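Here are the chains, one letter per residue:
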Amino acid sequence: MDDHDDVTRWYEGRTPIRGALPARAWLHSDAPSLDLSGLWRFRLSARADADEAFVDPGFDDHVWDALPVPSHWQMQGQAEGRAPYGSPAYTNVRYPFPVDPPFVPDENPTGDHRRTFTVPADAAAVLDAGGRAVLRFEGVDSAFRVWLNGVELGRSVGSRLPTELDATDALRTTEGAENVLAVRVHQWSSGSYLEDQDMWWLSGIFREVRLLARPAGGIDDVFVHAGWAGGAGSLRVDAVTTSGEPARLLVPELGVDAATGTDLELPDAQPWSAEVPRLYDAEVVTATERVRLRLGFRTVAITDGVFTVNGAPVLMRGVNRHETWPDHGRATTAEEDLTDVLLMKAHHVNAVRTSHYPPHPRFLDLCDEHGLWVVDECDLETHGFEPNGWRRNPSDDPAWRAAYLDRMTRTVERDKNHASIVLWSLGNESGVGSNLTAMSRWVHGRDASRPVHYEGDLTCADVDVFSRMYASHAEVAEIAAGIEPALEDPALDAERRVMPFLQCEYAHAMGNGPGGLVEYQRIFQSSDRCMGGFVWEWADHALRQRDAQGRQRWAYGGDFGEVVHDGSFVADGLVLPDRTPSPGLDDVALVFAPVEIEDTTGDDEVPAVRVTNRYDVRSLEHVALRWILEVDGVETASGALPTPALAPRGSAVVALPDEALAPPVNGRAGERWVTVAAVAAGEGVGLSAGQVLGVGQVALDDVPGPATTESPLSAPTTGTGEAAGASRAPTRLGPDLLLGGAVFDAATGALRRLGGIDVTSPVLDLWRAPIENDFGEHGEALAPIWRAIGLDRLTHRTVSVTADDDGLTVLTRVAPAVADLGVACSYRWTTVGGPDGPDDGSAALRLTVDVAPEGEWPCPWPRVGVRMHLPRALGQVSWFGRGPGEAYPDTGIATLVGRFDASVDELQFPYVVPQENGHRADARWVELRPSSPGAGRAGLRVEAEPTIGFTARRWTTEALDAARHDAELSDGGSIVLGLDAALQGIGTAACGPGTLPAYRLDPAPLSFSVVLRAIG
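Residues numbered from 1 in each chain as written. Predicted model: local features only at pLDDT ≥ 70, side-chain atom pairs only at ≥ 80, totals over all residues. Heavy atoms only, no water.

Trainee: Could you give an account of the overall build of the chain, with specific residues and numbers?
Mentor: In terms of regular secondary structure, the chain is built from 13 helices and 59 strands. Taking the principal axes of the C-alpha coordinates as reference, the chain spans close to 105 × 65 × 60 Å. Across the 1016 residues of the chain, 60% fall into the buried class. Residue pairs at least 24 apart in sequence account for 74% of intrachain contacts in the chain once pairs closer than 6 positions are excluded. Counting every atom, the chain has about 36,200 Å² of accessible surface; 51% of that belongs to carbon and sulfur. When the 87 basic and 147 acidic side-chain charges of the chain are each reduced to a single mean position, those positions are 3 Å apart. (Helix = DSSP H or I, 4+ residues; strand = E, 2+ residues; numbered from the N terminus. Buried < 20%, exposed > 50% of the residue type's maximum accessible area, 1.4 Å probe, protein only. Contact = heavy atoms within 4.5 Å. Areas by Shrake-Rupley, 256 points an atom, 1.4 Å probe, with all protein chains shown as cover. Lys, Arg positive; Asp, Glu negative; His and termini not counted. Charge placed at Lys NZ, Arg CZ, Asp CG, Glu CD.)

Trainee: Describe the sheet that holds strand β40 (residues 651-655), with residues and values.
Mentor: Across the sheet, which stays open at both edges, the three strands sit in the order β36-β37-β40 with antiparallel pairing between neighbours. On the outer flanks of this sheet lie β36 (595-599) and β40, each paired with one strand and no other. Neighbour to neighbour, the strand axes of the sheet diverge by 25° on average, direction disregarded. Alignment of β36 against strand β37 (residues 608-613), held across five bridges, turns out to be antiparallel. Along β37, the bridge assignment pairs Glu598 with Arg610. (Pairing = 2+ DSSP bridges. Axes fitted to C-alpha atoms, helices over the stretch in contact; angles between N-to-C directions.)

Trainee: Please provide a residue-by-residue account of the sheet that holds strand β16 (residues 219-229), values included.
Mentor: Whenever strands of a sheet pair, they do so through backbone hydrogen bonds, lying parallel or antiparallel. Taken in spatial order, the three strands make up an open sheet running β16-β17-β20, and their pairing is antiparallel. The outermost strands of the open sheet, each flanked by one partner alone, are β16 and β20 (264-266). Across the sheet, the mean angle from the axis of one strand to that of its neighbour is 25°, orientation sign disregarded. Bridging between β16 and strand β17 (residues 232-241) involves 10 bridges; their strand directions are antiparallel. Residue pairing for β17: Gly227 is matched across the bridge by Ser234.

Trainee: Break down the environment of Leu977 for me, citing the residues and quoting the values.
Mentor: You can see Leu977 is positioned in strand β58 (residues 974-983). For Leu977, a relative accessible area of 0% translates into the label buried. A sequence separation of 111 residues divides Leu977 from Val866, and the C-alpha atoms of the two residues are 8.4 Å apart.

Trainee: Kindly report on empty space enclosed by the protein, identifying the contributing residues and their values.
Mentor: Rolled over the atoms, a probe with the dimensions of a water molecule shows which regions are left empty. Counted by the stated rule, this structure contains 11 cavities of 30 Å³ or more. Here the largest cavity defines a volume of roughly 240 Å³. Contributing to the lining of the largest cavity are 16 residues, with Glu275, Lys345, His348, Pro594 and Tyr615 lying nearest its centre. Looking at the lining of the largest cavity, its residues break down into eight nonpolar, three polar and five charged. (1 Å grid on protein atoms, 1.4 Å probe; cavity = no way out; pocket = protein on both sides within 12 Å on 5 of 7 lines; lining within 4 Å. Points joined across faces, edges and corners; volume = space filled by probe spheres on them. Nonpolar A, V, L, I, M, F, W, Y, C, P; charged D, E, K, R; others polar.)

Trainee: Help me get a handle on the side chain of Asp736, residues and values and all.
Mentor: By secondary structure assignment, the location of Asp736 is in strand β44 (residues 736-739). Apart from residues no more than four positions distant in its own chain, Asp736 is found in contact with Thr731, Val743, Phe744, Ala746 and Arg752.

Trainee: Break down the packing of helix α6 (residues 473-480) against helix α8 (residues 517-524) for me, citing the residues and quoting the values.
Mentor: Viewed as axis vectors pointing N to C, α6 and α8 meet at an angle of 10°, and their least axial separation amounts to 9 Å. In terms of orientation, α6 and α8 fall into the roughly parallel class. Residues His473, Val476, Ala477 and Ala480 of α6 lie in contact with α8, whose contacting residues are Glu519, Tyr520, Ile523 and Phe524. Tallied by class, residues from the contact of α6 with α8 come to six nonpolar, one polar and one charged. (Parallel < 35°, antiparallel > 145°, perpendicular 65-115°, else oblique.)

Trainee: Please give an account of the environment of Pro930 that cites residues and values.
Mentor: Among the structural elements, Pro930 can be located in the loop between β56 (920-929) and β57 (939-953). Owing to a relative accessible area of 17%, Pro930 belongs among the buried residues under this scheme. Put simply, Pro930 and Ala873 are 57 residues apart on the chain and 5.1 Å apart in space, counted from C-alpha to C-alpha.

Trainee: Just give me the short version of the nonpolar core, but keep the residues and values in it.
Mentor: Side chains that are nonpolar tend, in soluble globular proteins, to be buried together. Core analysis: the biggest nonpolar cluster contains 63 residues, and Trp829 and Leu1012 have the highest contact counts within it. In terms of residue count, β57 provides more of this core than any other element does, six residues in total. Setting aside its immediate chain neighbours within four residues, Leu1012 contacts Leu751, Leu754, Pro762, Trp829, Ala843, Ala844, Leu845, Met868, Leu940, Arg941, Val942 and Leu979. (Core = buried A, V, L, I, M, F, W, Y, C linked by side-chain atoms within 4.5 Å.)

Trainee: Please set out the packing of aromatic side chains residue by residue, giving values where relevant.
Mentor: Scanning all chains against the criterion turns up 28 aromatic pairs. Ring geometry for Phe54 and Trp147: centres 5.8 Å apart, planes at 75°, overall edge-to-face. Here Trp147 lies in strand β9 (residues 143-148) and Phe54 lies in the loop between β3 (38-45) and β4 (65-69), a separation of 93 residues in the sequence. Look at Phe54 and you get buried, because its relative accessible area is 0%. (Phe/Tyr/Trp six-rings, centres within 6.5 Å; stacked < 30°, edge-to-face > 60°.)

Trainee: Describe the layout of surface pockets, listing the residues and the values that go with them.
Mentor: Taken as a whole, the second largest pocket spans an internal volume of roughly 420 Å³. His383, Glu386, Glu429, Met469 and Tyr470 are the residues nearest the centre of the second largest pocket, which is lined by 25 residues in total. For the lining of the second largest pocket, the class distribution of residues is eight nonpolar, 10 polar and seven charged.

Trainee: Would you mind going over the environment of Leu342 in detail, with residue names and values included?
Mentor: Structurally, the position occupied by Leu342 is in helix α2 (residues 334-346). For Leu342, a relative accessible area of 42% gives the class partly exposed. Along the sequence, Leu342 and Ser29 sit 313 residues apart, while their C-alpha atoms lie 26 Å from each other.

That is the geometry; function is a separate question.
Now the structure itself:
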């Protein structure tokens, strides 16, 4: 319907915009305005062709509901378990309607909105003096029409983009005169084909609506050109005024009072960067209006294939950010936007890609103020055409060109004055085509000061940076070295090889993970051609909901009864929906830390650290180095180190002082660690005093190693590590065997009691509740193989129980039904001495487990360890090892060796989808004690030989695996203690590469030992 004459079908047109004013910058003006946020009258219809009587000013809407604006109508009541206006729906790629562009179904939910207002006196005065009235909509999803006092003002699409409509002729400005604003919003439109952006489909007026009084002789638009080079700033501010005359530019701090359009050289101007976000307050002034600006001087350039700002190479340590909040979707508040920015800065994130649309403009103000590099992305994605082979994709259809250009124009014009924006992005996952080329050409012509980004065309014909998503470590390493495979077109290949390289999405942070962060960062740092990357993504989009039992939970795809959905793929962020940081964010913070501290103790055994300045433009003048010496996790000394004067990307070796190397007091033996932290020396730019900017550890003694593979099951199974004759023989007492204060079942060899603690015997454990990376939707899929083999349903067969003079040996075979694969497992129990010697009667046993795979296993194992049940009262945990957070072979980068305490509940991390979590690594010992005084004093101490990983939960792995939401997990009546000798890594296979080879747990013989000791 290209002519849009049929008003019931206008929203199906390819460029359905009528009456909108030209796009312009988002300006902070002193001209009067009226915020129309608040409660509006609302009616929802099932179809787009509902009657239009509501536009009449005299229409009686008293029976309509009240709906807040801004909001999404589907979000109303969801947290309370109600859905009065339908529900959110999530898809990642697929359109939730037939792919029949530009048409959408007749079943098109349509929300009619009404509100009344009177024009304030100050605004009326401006209009009476010859000004114009403008209605500005910051964001409406997805298509809308507007009437004022019964007069249609216009119609528009482009959900995350502003629309301005001239309301002058229809507005009633006399004192007390009531105006009736009516807005019809359609959920689906032609624009929906361009907005398939891996998020909840949500509708409504979700950003502010304002009435602007535009004064005669006022300022319609401003374009700031603020560069910095050679130690000085350059400035030109172009202004469009209604009179056509120049305005005045005022920058008091720099002594500027000049006409707009004037080229100025400012030798005293200091540069803006994400590390030092120096801004200058400025105004553009006419006789009738003042517009406030915040100027940041910076010049973006690509020099010899290196992305630079103000002449310095820049490494993006970034995240992708959707606008999302669990209670109101994309209708975020200013406070919520600030929360995101401050959390990012606190965790050393320095860049944001606004996936996959321009955010609320106030978010960009915050990026200017607090310092974040921004890739500002156009409101464009047509990914839903990919499942159909990209047939009829609008990106190469000339009929859609105006729509593509309109979206790019509105993006650039609105956001052009933000210093934080250093790249324009054409959009995301929209294939290739001439319309993208047209967008790129327009951007280059309008704003040559910023490079253009788009990942979807690997030939890079229309862009200035070479961008990939989810490229493997190997591929990134090839690109960093300039040896990536050549393109077929030699000219395009030559151009791409001199472009900076950016990972616009990598390290998919879905559930437990991401793994491989350190390895990616090392590659990025290996070549100035690499400009870093953006972790996918910042926040889980899950929404707050009450289930049928009234339990609050985080809801994801399918929880709202969607016919088509993509499940939990909407929950793939570094923070939970309520902004609780995940263990993955802790890892990101250390990998992105601006000061890197590494143990460089070499062959000469002189303890030292290498300090590297990972800032791009800042020195370390604001950084102080602190050290702490701990023996077995207990602090014994502390002090300061001299901070080397390092330029950006410089490094130096700093020796540890003698005080940090002191032997244990009174000759006490122990494991000594020196922790060195870089902290902010005081309040500074974007920093609070004492904020940690980097941390590292130095081991002064030999570090315990991992479990060994050198004791296959065929080797003699005898007690280890004890003096000859220390172990005792078991004693038979009826159906029981007694050994070292423990009670075993004589028939099965199962441990039933240790000292005063009832236990269920440790048994071999190879299973974990699969993490989402294990399902490998876009990478290596291990969980389906594990389930097919039967690792989730292992059975245990006792082969023999043998008591001898030195202890007890239990041989078993562990195997799943159906398969002929199996594992031979030996449990060797021997007594060990207590604190008063080998015969003091303490309840203590050494357990040595020998494991050997049988058959040809086609996959790695999830884990190798043992699992046992303890009394539920043992809810308090202490350990000496890595902590305080969880750690897996390729995660837990932020954990340090030390002594930690936590409750069993605190050890869990509540990922949106329950899965393997909470593992603590490299424990030398772990103790579980009663969590309340009334529960007695008896507890359990596990002493590793040499280290062990552990989990402690109030539910089984099977319960964790079965739960789809955290609210479904409940206390199972015992503490389930897992002791792990080895684990499969995490990787990012939910969308990206699988686990790196170094972190795979391929089946192989394995032997490990622990001492179980009753305490208290």
